[in-house]
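Each chain, letter by letter, is given below.
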Amino acid sequence: MNLVRRIPSAHLLQSPFLRLSLLGLVALLVLALAACGGDDEKDTTGNGATTAAATEDAGTDYSSLTGEIRVDGSSTVFPISEAVAEDFSNESKVRVNVAFSGTGGGFEAFCRGEIEIADASRPIKADEKQKCTDAGIDDILEIQVGTDALTVVVNPANDFVDCLTVDQLHQIFKEGGATTWDQVDPSFPAEKIVWYYPGTDSGTYDYFVEQIVTKVDKAAVHTSEGTSSEDDNVLATGVEGDDFAIGYFGIAYYLEAGSNLKDVAVDSGSGFVDPSAETALDGTYKPLSRPLFIYTRTSFLEDRPEVAGFVKFYLENSQDLVPEVGYVELPDDVHAEQVAKVEKY
């Protein structure tokens, strides 16, 4: 049975978000693998069942916890944190408010002491960590919760783009690069490219710039043409509405859109590879597979039982909830390393 999560638009919780079961996720990924002859499959146990960690820690009395926790940051990680918060609210009396202002915005709020947990689709930067230190926050704890295959998408009516090289993506998304499709490939139509991409506070934007824009040319900058938004639903809807549009965001938002979007296989030099759970985990989907994180403070875990409880609950259930909302759960050894970071609190 597939359960429904929701990913909000900028103002309302509007877009239904499928918590993918084993069969549902496999079916979606098989369809996605048609591009450029990909043959990857997804193997997941994301069926909403209680994890082994949760079973082992069944003695945790979450029902005694009260208070309020504020979570903000990455729109990519948002669906995971929202799903965890929803389930945690059924087990405790803690009110968990989950928002998304982009990874950078989340770190800013975290370093100002405004939130307890920052969602992040990239590691914290040195200057962000310094801002925290300057504000007296020097006990930051990084916890990986999943893996994403950052997905480039086009409109399904686009019958000329199935695959793009890193160099072609660079030409499309760099300032002063291609402005019409035929400039990317002479066989493409002479139609204007319509861009949709995350805002500059987004960790997805930062990661894409690092891997696609500046890795090819250190002097290059991301295009400012087109539409940018911290809300990935806005980007998905934009690409859905224009035959010549292109955009990028976390794979969960692509999977949610289903047949309304088409994914683009990427070639970083070793052949075209489709975004999928398997290719994200085995490292073949280069360079756009990436880790997903939450950040908190060890002092919160020591002094605030509701925060410690929420983080433990997060890790106890992430191996099920992460694939249910469309991302890739951690390998068992990596997950065990994250659990070890918080088990003493």
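As the structure is a prediction and not an experimental result, all values here were calculated from the model.

Asker: For the sheet that holds strand β13 (residues 265-267), give the residues involved together with the corresponding values.
Answerer: Sheet architecture is open: three strands sit in the order β8-β13-β14, paired in mixed fashion. Of all the strands in the sheet, the pair left with one neighbour each is β8 (163-165) and β14 (272-273). Pairing of β13 with β14, which is carried by two bridges, proceeds in the antiparallel orientation. Bridging from a neighbouring strand, Val-266 pairs with Val-273 of β14. Together, β8 and β13 form the strand contacts of helix α6 (residues 166-173), whose direction differs from that of β8 by roughly 85 degrees.

Asker: Quick rundown of helix α4 (residues 103-111)? Include the residues and the values.
Answerer: Most of α4 sits inside the fold, with eight of its nine residues counted as buried. On its buried side, α4 packs onto β3 (66-73), β5 (117-120), α5 (126-134), β6 (140-149), α7 (203-213) and β15 (289-297). Just downstream of α4, Gly-113 is the residue with a positive phi angle, here 75 degrees.

Asker: Explain the nonpolar core to me, using residue names and the numbers behind them.
Answerer: Counting residues in hydrophobic clusters, the biggest one holds 81 residues, and the most contacted among them are Ile-246 and Phe-310. Looking at this core, the element that brings in the most residues is helix α12 (residues 305-324), giving nine residues. Once residues lying within four places of it in the same chain are set aside, the contact partners of Ile-246 are Val-152, Val-153, Val-154, Leu-164, Ile-172, Phe-173, Trp-181, Ile-193, Val-194, Trp-195, Tyr-196 and Val-239. Counting 12 residues, the second-largest nonpolar core is a separate cluster that includes Phe-110, Ala-118, Cys-132 and Ile-137.

Asker: An account of unusual backbone geometry is needed here, citing residue identities and associated values.
Answerer: The amide bond that connects Lys-286 to the next residue, Pro-287, takes the cis arrangement and shows omega of 0 degrees. Tracing the chain through its elements places Pro-287 in the loop between α10 (277-282) and β15.

Asker: So what about the environment of His-222? Which residues, and what values?
Answerer: Along the chain, His-222 falls in the loop between α7 and β10 (227-229). His-222 gets classed as buried once you look at its relative accessible area, which sits at 6%. Note: C-alpha distance between His-222 and Glu-175 (47 residues apart in sequence) is 5.4 Å. Once residues lying within four places of it in the same chain are set aside, the contact partners of His-222 are Phe-173, Lys-174, Glu-175, Tyr-197, Tyr-205, Phe-208, Val-209, Val-213 and Tyr-248. One polar contact links His-222 to Tyr-248, side chain to side chain, over a distance of 2.9 Å.

What counts, and at which threshold
Residues numbered from 1 in each chain as written. Predicted model: local features only at pLDDT ≥ 70, side-chain atom pairs only at ≥ 80, totals over all residues. Heavy atoms only, no water. Pairing = 2+ DSSP bridges. Helix = DSSP H or I, 4+ residues; strand = E, 2+ residues; numbered from the N terminus. Contact = heavy atoms within 4.5 Å. Axes fitted to C-alpha atoms, helices over the stretch in contact; angles between N-to-C directions. Buried < 20%, exposed > 50% of the residue type's maximum accessible area, 1.4 Å probe, protein only. Core = buried A, V, L, I, M, F, W, Y, C linked by side-chain atoms within 4.5 Å. Polar contact = N/O pair within 3.5 Å; in protein donor to acceptor, adjacent residues only side chain to side chain.

Read these as spatial facts, not as claims about activity.
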